[in-house]
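# A structural walkthrough
Single-letter residue listing:
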Amino acid sequence: MSSQLEPADREPAIDLGKRLLLVLAGVALLVFVYALIYRWAALRYAGAERSVVTAIQIVIEALTTGSFGADAALVREHSELTTFVILLNITRLVLVFLALPILAVPLFKRAFDTQPPRETGLQDHVVLCGNSAVDDVLRTELDEAGIPYLFVRPDADEVNELRADGFEATYGNAERVETLRNANFENARAIVTDMGDERNLTVILAASRVNPDATIVSVVESRDAVAHHEYAGADEVVLSKQSLGESLAMRSIQTISERFQAAVGLTTQIDFGEYLVEDGSELVGTTIEEIGAADGLEITVIGGWFGPRFLVSPPPETEILENSILLVSGDHEQLETVGARKLPTHRGQSSRVVVCGYGDVGQTVANTLEGEGIDVTTVDFHVDTGADVIGDITDDHTIREANVADARSVVLAVEKDATAIYSAILISHHAPDVEIIARANDPDNVWKLYNAGADYVLSLPAVTDGVLASALIEERELLTPHNEFVFVRETAPALTGERLDETQIREQTGCTLVGVERDDELITNPGPAFTVESGDILVATGREAAVERFRTFVSEDG
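Residues numbered from 1 in each chain as written. Predicted model: local features only at pLDDT ≥ 70, side-chain atom pairs only at ≥ 80, totals over all residues. Heavy atoms only, no water.

### Looking at the overall build of the protein
Put simply, the test is: Only runs of H or I of at least four residues qualify as helices and only runs of E of at least two qualify as strands under DSSP, and these elements are numbered from the N terminus. Under the scheme applied here, a residue whose accessible area is under 20% of the maximum for its type counts as buried, over 50% as exposed, and between as partly exposed, the area being computed with a 1.4 Å probe on protein chains only. By definition, residues are in contact when any of their heavy atoms lie within 4.5 Å. With residues, only the protein chains shown are counted as cover, and all accessible areas are computed by Shrake-Rupley using a 1.4 Å probe.
The secondary structure content of the protein amounts to 20 helices and 21 strands. Residues classed as buried in the protein amount to 49% of the 558 residues present. Intrachain contacts of the protein at a sequence separation of at least 6 include 68% that bridge at least 24 residues. In the form shown here, the protein has an accessible surface area of approximately 26,400 Å², with 51% of it arising from carbon and sulfur atoms.

What follows is the structure in structure tokens.
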């Protein structure tokens, strides 16, 4: 790697001892110069000869107390000496005011401020630099995988806040070699940098110099930056907006319930549905186990979106949060009585999708959909984007021109959350049966979009962190909107007679078992003591590579 980052790249530090020595030396020199001037002036204008020591004493008295000792009468009698004394008094005021910002203020600040640490003793950890890495998704995934992580921040207050919340954090600029050494990056497993396309390059170079064996992951916004970051030494480059666009498109192509229904087939005669747990629903704060035990709710929760991650067969203690999306079977329409909203399906709907906003995210959505053979109508306010319809999506005329009411889905990929919220309200009013899929830049606006009528919302930071978690945790298959996970339905002759806890399906393949078909009945959430019988059909889900491992694992030849 290039050695342009020299060890001299050290962070500036306030050395009060050195500063104090410089100030004292300056004052001493000033006193000596003033003493020489006073000695000359006394001889020149008053005919009085003074030694250098006496002159120094008089200058010090004038600067500190304002008196002149034995020369008080001499000064009053000669205006030239009086003028010089006035200069000494002005100098005294200047020195006092200079001392406050140079010495007093830093001393008081150091006394009262809590200085954040610059070093850590963590080993085999992930160093997180930037913004989206703070998101709860990545922290949760790393915690569950038992991987330690360290935040490196250039803001002392932010470091103190992170440490107060129980997180490991150090102070420094991650673009500097010394900061990464202080973060013990020499013994780290990976670094994630999300500090902007340009600054990421210097972080990559510094990281490559400190630990060339560690995994370097860079989060970029521009497609043009990908090649530059790979040349600089990044092992993986996450194009955040492209990931978001692909995730939004995947939802528009097929809902989770449609994927699951297609995998299980029609022989089970079971209807599946997706329900959004809205703000104010009685389900918020309850657990999966409590839903199953509730009077009048004869349903089974097969899986669900909990944030940007899809959990298959969630544990009974899983808490249902606001805006969770549940995949359920049974008499699921009862969920509407407790404040859950049924999400639309694509069955019987038009094959056309309207994409609003034709920037980086919107173009990715459109390209992905067209690659699947889906008709797309693009809408954008700017003429030079080349969108099919030029107009403001918050205007009734544009909605009619784009023929939104005849679309299967509308994807709101606009840049501003406020525009997306306004558009969601307008579209849900004009076309209440059309699915609204929305992008959010700020995670705090996700609930606002749901309340405005959106059926499915993804925030840019959440999607980015889901992709980062998949890149950093090799031994786990994380089901996120960006991952094109599929459902698979296979007989399992190799597992006949074994209990599920003995098969270790997840550990061996990376797939998660959703249910078992037996005698045209779907058994969802089978427990660890469930024994596989001859003729059973296992329904599982995972990413494509994991599904292939699953097929091999359950076959007789596996």
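### Some details on the environment of Glu-415
Locating Glu-415 in the fold gives a position in the loop between strand E15 (409-412) and helix H15 (417-430). Along the sequence, Glu-415 and Val-361 sit 54 residues apart, while their C-alpha atoms lie 8.7 Å from each other. Discounting residues that sit within four places of it in the chain, Glu-415 has contacts with Lys-241, Arg-439 and Asn-441.

### Some remarks on the pattern of salt bridges
To keep it simple, the criterion reads: Between Lys or Arg on one side and Asp or Glu on the other, a salt bridge is scored when a side-chain nitrogen of the former is within 4 Å of a carboxyl oxygen of the latter.
Summed over the entire model, instances satisfying the criterion amount to 14 salt bridges. Residue Arg-251 is joined to Glu-435 by a salt bridge in which the shortest nitrogen-to-oxygen separation is 3.3 Å. You can see Arg-251 sitting in helix H10 (residues 240-253) and its partner Glu-435 sitting in strand E16 (residues 435-440), a full 184 residues away along the chain. Note that Glu-415 and Arg-439 form a salt bridge whose closest N and O atoms lie 3.5 Å from each other. You can see Glu-415 sitting in the loop between E15 and H15 and its partner Arg-439 sitting in strand E16, a full 24 residues away along the chain. Take Glu-415: its relative accessible area is 45%, and that puts it in the partly exposed class. Look at the salt bridges and you will find they share partners, linking Arg-251, Glu-274 and Glu-435 into a network.

### Some points on the packing of H10 against helix H17 (residues 460-472)
Heads up, the rule is: The axes used here are C-alpha line fits, helices contributing only the stretch in contact, and every angle between their N-to-C directions lies in the interval 0 to 180 degrees. Angle categories are assigned with fixed cut-offs, so that under 35 degrees is roughly parallel, over 145 is roughly antiparallel, 65 to 115 is roughly perpendicular, and the rest are oblique. When residues are grouped by polarity, Ala, Val, Leu, Ile, Met, Phe, Trp, Tyr, Cys and Pro land in nonpolar, Asp, Glu, Lys and Arg in charged, and all others, Gly among them, in polar.
Contact geometry of H10 with H17 gives a least axis separation of 9 Å together with a crossing angle of 100°. Taken together, the axis directions place H10 and H17 in an arrangement best described as roughly perpendicular. Contacts from Ser-240, Lys-241, Ser-243, Leu-244 and Ser-247 of H10 reach H17 at Leu-460, Val-463, Thr-464 and Val-467. Partitioned by chemical class, the residues of the contact of H10 with H17 number 4 nonpolar, 4 polar and 1 charged.

### Digging into the confidence of the model for the protein
Going by this rule: pLDDT: the predictor's confidence for each residue, scored from 0 to 100.
On average, residues of the protein score 82 in pLDDT, and 84% of them reach the 70 mark or higher. In this model residues 1-14 is a low-confidence stretch, pLDDT under 50, and it forms 27 contacts with partners more than four residues away in sequence or in other chains.

### What about H17?
Definition in use: Each residue after the first adds 1.5 Å to the expected span of a helix. Pairs of N or O atoms within 3.5 Å make up the polar contacts considered here, provided that, within protein, one atom can donate a hydrogen while the other can accept it, and that residues adjacent in sequence are counted only when both atoms are side-chain atoms.
Here H17 contains 13 residues, and its C-alpha end-to-end distance of 18 Å stays within 8% of the 18 Å for a straight helix at 1.5 Å per residue. Most of H17 is tucked away: 13 of the 13 residues are buried. Regarding H17, its N-cap is Ser-459, as a side-chain oxygen of that residue lies 3.2 Å from the backbone nitrogen of Ala-462 further along.

### A look at the pairing of strand E1 (residues 126-130)
Looking down a regular strand, the side chains alternate between one sheet face and the other. Just so we agree on the cut-off: If DSSP finds at least two bridges between two strands, the strands pair.
Extensive coverage of E1 is indicated by the burial of 5 of its 5 residues. Across 5 bridges, E1 lies against strand E4 (residues 190-194) in parallel orientation. From the neighbouring strand, Cys-129 faces E4, where its bridge partner is Thr-193. Bridging between E1 and strand E2 (residues 149-153) involves 3 bridges; their strand directions are parallel. What sits directly across from Val-127, in E2, is Leu-150.

### Re the sheet that holds strand E5 (residues 215-220)
Pairing is parallel across the open sheet formed by 6 strands, whose spatial order is E3-E2-E1-E4-E5-E6. Each edge of the open sheet is held by one strand with a lone partner, namely strand E3 (169-171) and strand E6 (236-239). Neighbouring strand axes in the sheet, compared pairwise and without regard to direction, differ in orientation by 20° on average. Sheet contacts for helix H6 (residues 156-164): E2 and E3; angle to E3, the most-contacted strand, approximately 160°.

### Quick look at the sheet that holds strand E21 (residues 537-542)
Taking strand neighbours across the sheet as the criterion, the 4 strands line up as E18-E21-E19-E20 in an open arrangement whose pairing is antiparallel. Of all strands in the sheet, those bounded by a partner on one side alone are strand E18 (486-491) and strand E20 (521-524). Strand-to-strand twist in this sheet, taken as the mean axis angle between neighbours without regard to direction, amounts to 25°. As paired strands, E18 and E21 are joined by 6 bridges and run antiparallel to one another. Bridging across to E21, Val-488 finds its partner in Ala-540. Each of E18 and E21 is contacted by helix H20 (residues 544-554), which is oriented at about 5° to E18, the strand it contacts most.

### What about the side chain of Ser-423?
Of note, Ser-423 is situated in helix H15. Judged by its relative accessible area of 0%, Ser-423 falls in the buried class. If sequence neighbours within four positions are ignored, Ser-423 has contacts with Ile-393, Thr-394 and Leu-412.

### Re helix H2 (residues 52-64)
Quick reminder of the rule: Regarding the arc, it is the one traced by the directions from the helix axis to the C-beta atoms.
Over its 13 residues, H2 runs 18 Å from end to end, which matches the ideal 18 Å to within 8%, given 1.5 Å per residue. Among the residues of H2, Ala-55, Ile-58, Val-59, Ala-62 and Leu-63 are the ones counted as buried. The arc that holds every buried residue of H2, seen down its axis, measures 130°, which confines them to one face. Those residues of H2 that are exposed and aimed more than 90 degrees away from the buried face are Val-53 and Thr-64.

### Looking at a nonpolar patch on the surface
Test applied: Patch construction takes residues with relative accessible area above 30% that form no salt bridge. Like charges are linked within 9 Å, and nonpolar side chains (Val, Leu, Ile, Met, Phe, Trp, Tyr) are linked within 5 Å.
A contiguous nonpolar surface patch, about 470 Å² in accessible area, is contributed by Leu-29, Phe-32, Val-33, Leu-36, Ile-37 and Val-52. The element contributing the most residues to the nonpolar patch is helix H1 (residues 16-46), with 5 residues. With respect to the helices, strands and loops of the structure, Leu-36 is situated in helix H1.

### Quick word on the pairing of E2
Selection rule: By convention, a crossover is right-handed whenever its connection, traced from the first strand over the helix to the second and viewed with the strands pointing away, goes clockwise.
Counting buried positions along E2 yields 5 of 5 residues, so the element is predominantly enclosed. Burial of E2 is two-sided: the residues Tyr-149, Phe-151 and Arg-153 facing one way and the residues Leu-150 and Val-152 facing the other way are all buried. As paired strands, E2 and E3 are joined by 3 bridges and run parallel to one another. Bridge assignment links Phe-151 to a residue of E3, and that residue is Ala-169. Taken together, E2, H6 and E3 form a β-α-β motif whose crossover is right-handed.

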